[in-house]
Amino acid sequence: MRAIVCHTPGQINDLVVEEVADLMVRPGQIKVAVEAAGVNYVDALFVEGRYQIKPNPPFTPGSEVAGVVMELGEGVTSLNLGDRVLASPGLGGFAEQVVVAASACSVLPAVLTSTAAACFTQSYSTALYTYLHRVNLKPGERVLVLGGGGGVGLAAIRVGVALGATVYAAASTEEKRAAALAAGATAVFDGDPEQLKQTIRAGSEGGIDVVIDPVGGPSTEASLRNLRDGGRLAVIGFASGPIPVIPSNLVLLRNRSLVGVDWGIWAMTNGEAQGELLRQLLDMVATGAIEVDEPTAYDFTRGVEALSDLLGRNVVGKIALVP
Ligand SMILES: NC(=O)c1ccc[n+]([C@@H]2O[C@H](COP(=O)([O-])OP(=O)(O)OC[C@H]3O[C@@H](n4cnc5c(N)ncnc54)[C@H](OP(=O)(O)O)[C@@H]3O)[C@@H](O)[C@H]2O)c1
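Residues numbered from 1 in each chain as written. Predicted model: local features only at pLDDT ≥ 70, side-chain atom pairs only at ≥ 80, totals over all residues. Heavy atoms only, no water.

1. A few points about the packing of aromatic side chains
No. 1: By the definition in use, this model includes four aromatic pairs.
No. 2: Ring centres of Phe-46 and Tyr-51 lie 4.7 Å apart, and the angle between their planes is 55 degrees; this geometry places the pair in the tilted category.
No. 3: Ring plane angle 25 degrees and centroid distance 4.5 Å describe the contact between Tyr-129 and Trp-266, whose orientation is recorded as stacked. Linking Tyr-129 in helix H3 (residues 121–134) with Trp-266 in helix H9 (residues 263–269), this pair joins segments that are 137 residues apart in sequence. Of the two residues, Tyr-129 and Trp-266, neither departs from the other in class, the shared state being buried.
No. 4: In this structure, Arg-302 is placed above the aromatic ring of Tyr-298, and the distance from its NZ or CZ to the ring centre is 4.1 Å. (Phe/Tyr/Trp six-rings, centres within 6.5 Å; stacked < 30°, edge-to-face > 60°. Helix = DSSP H or I, 4+ residues; strand = E, 2+ residues; numbered from the N terminus. Buried < 20%, exposed > 50% of the residue type's maximum accessible area, 1.4 Å probe, protein only. Lys NZ or Arg CZ within 6 Å of the ring centre and 35° of its normal.)

Printed below as a string of structure tokens:
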């Protein structure tokens, strides 16, 4: 089978598409013919050697996929050959096949295309986990989503609206702001931190209850300053690079909270709860409570370009690699 291989962590440009040995299926596992692989920040971090876990090279990046079950390991009864599933192998997803534990796969609702499904788990789980387990969002609260045209951002808009919040979004381009509005944002702001500081309060009728922050940098403080009494800012990521240093008086004022979100570690150590969270999300998709954006599909051979475009801020929504 073909796979995208990292021989020496460091440069995304050094990734190569290669013919590699077929994978063995052990008891309890299944082999999935990959129809699409979601492209995420964490995949780039693995390749650049910047993630806290450093796999031994050579390895294949790719943390989430959707595809069709092509082989069942001994003892697997929960799935059938031909089922369409989504899976989160962590690594190995940028390949024509993956092998994963059957218990960690979910059958896809018919409304979800393979490309959309491949980009679903990380962004949508992060959004729902943040709202339910970290900031305890209540219906009617006002949410501001930073990076609102990105993967986590669009998911946070759609899930926030489905949970009954009024959602505002900030993004850097007209195209990204249009995507945020299409996902259900009530109003959108320019993502430039200086402009944000001035415009959030006026544009959101007096302030925000919850900020979803996958961006970091100066936008974090600009948003924190606009949190109302009891407001919470969810620290999700630092896509812009700089990790902000926050004056703690801004947290003291108005009884605000800064809330850390580490969905990845939570999902790894709470498999059953993550399974339940994903079931809840897939039910929301199946019943139409959330609509999932179709990602931009790149041919599998364009893995380097896909990761570069993601890091270069050139993507609206998500990219899926299609073998
Ligand atoms: N904590 C968790 O559990 C968790 C889970 C999933 C993801 N994450 C993290 O969340 C972050 C965002 O992930 P994502 O999938 O939403 O990524 P994404 O689709 O690339 O979106 C990130 C957004 O950040 C904004 N941004 C601002 N400055 C940027 C810069 N210099 N370079 C790139 N983007 C910039 C961009 O929006 P504008 O152009 O509109 O500013 C972009 O749309 C990543 O750091 C990821 O590792 C964390």
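2. Examining the site of the ligand
No. 1: Contacts to the ligand come from 24 residues, most closely from Gly-151, Ser-172, Lys-176, Val-261 and Arg-313.
No. 2: At 2.7 Å from an oxygen atom of the ligand is found a side-chain nitrogen or oxygen belonging to Lys-176.
No. 3: At 2.8 Å from a nitrogen atom of the ligand is found a main-chain nitrogen or oxygen belonging to Val-261.
No. 4: Taking 900 Å² as the accessible area of the ligand by itself, protein coverage stands at 86%.
No. 5: When contributions to the shell around the ligand are tallied by element, the ones reaching two or more residues are helix H4 (151–162), H9 and helix H11 (303–311).
No. 6: Its residues assigned to classes, the shell around the ligand shows 12 nonpolar, eight polar and four charged. (Near = heavy atom within 4 Å. Polar contact = N/O pair within 3.5 Å; in protein donor to acceptor, adjacent residues only side chain to side chain. Areas by Shrake-Rupley, 256 points an atom, 1.4 Å probe, with all protein chains shown as cover. Nonpolar A, V, L, I, M, F, W, Y, C, P; charged D, E, K, R; others polar.)

3. Regarding the pattern of salt bridges
No. 1: Enumeration over the complete set of coordinates arrives at 14 salt bridges.
No. 2: Linking Lys-31 and Glu-71 is a salt bridge whose minimum nitrogen-to-oxygen distance equals 3.7 Å. Pair noted here: Lys-31 is in strand E3 (residues 29–38) and Glu-71 is in strand E4 (residues 64–72), with a separation of 40 residues, a long-range link.
No. 3: Judged by its relative accessible area of 33%, Glu-71 falls in the partly exposed class.
No. 4: With its nearest N and O atoms 2.9 Å apart, the salt bridge here joins Glu-221 to Arg-225.
No. 5: Relative accessible area serves as the criterion here: at 35%, Arg-225 is assigned to the partly exposed category. (Salt bridge = Lys/Arg side-chain N within 4 Å of Asp/Glu carboxyl O.)

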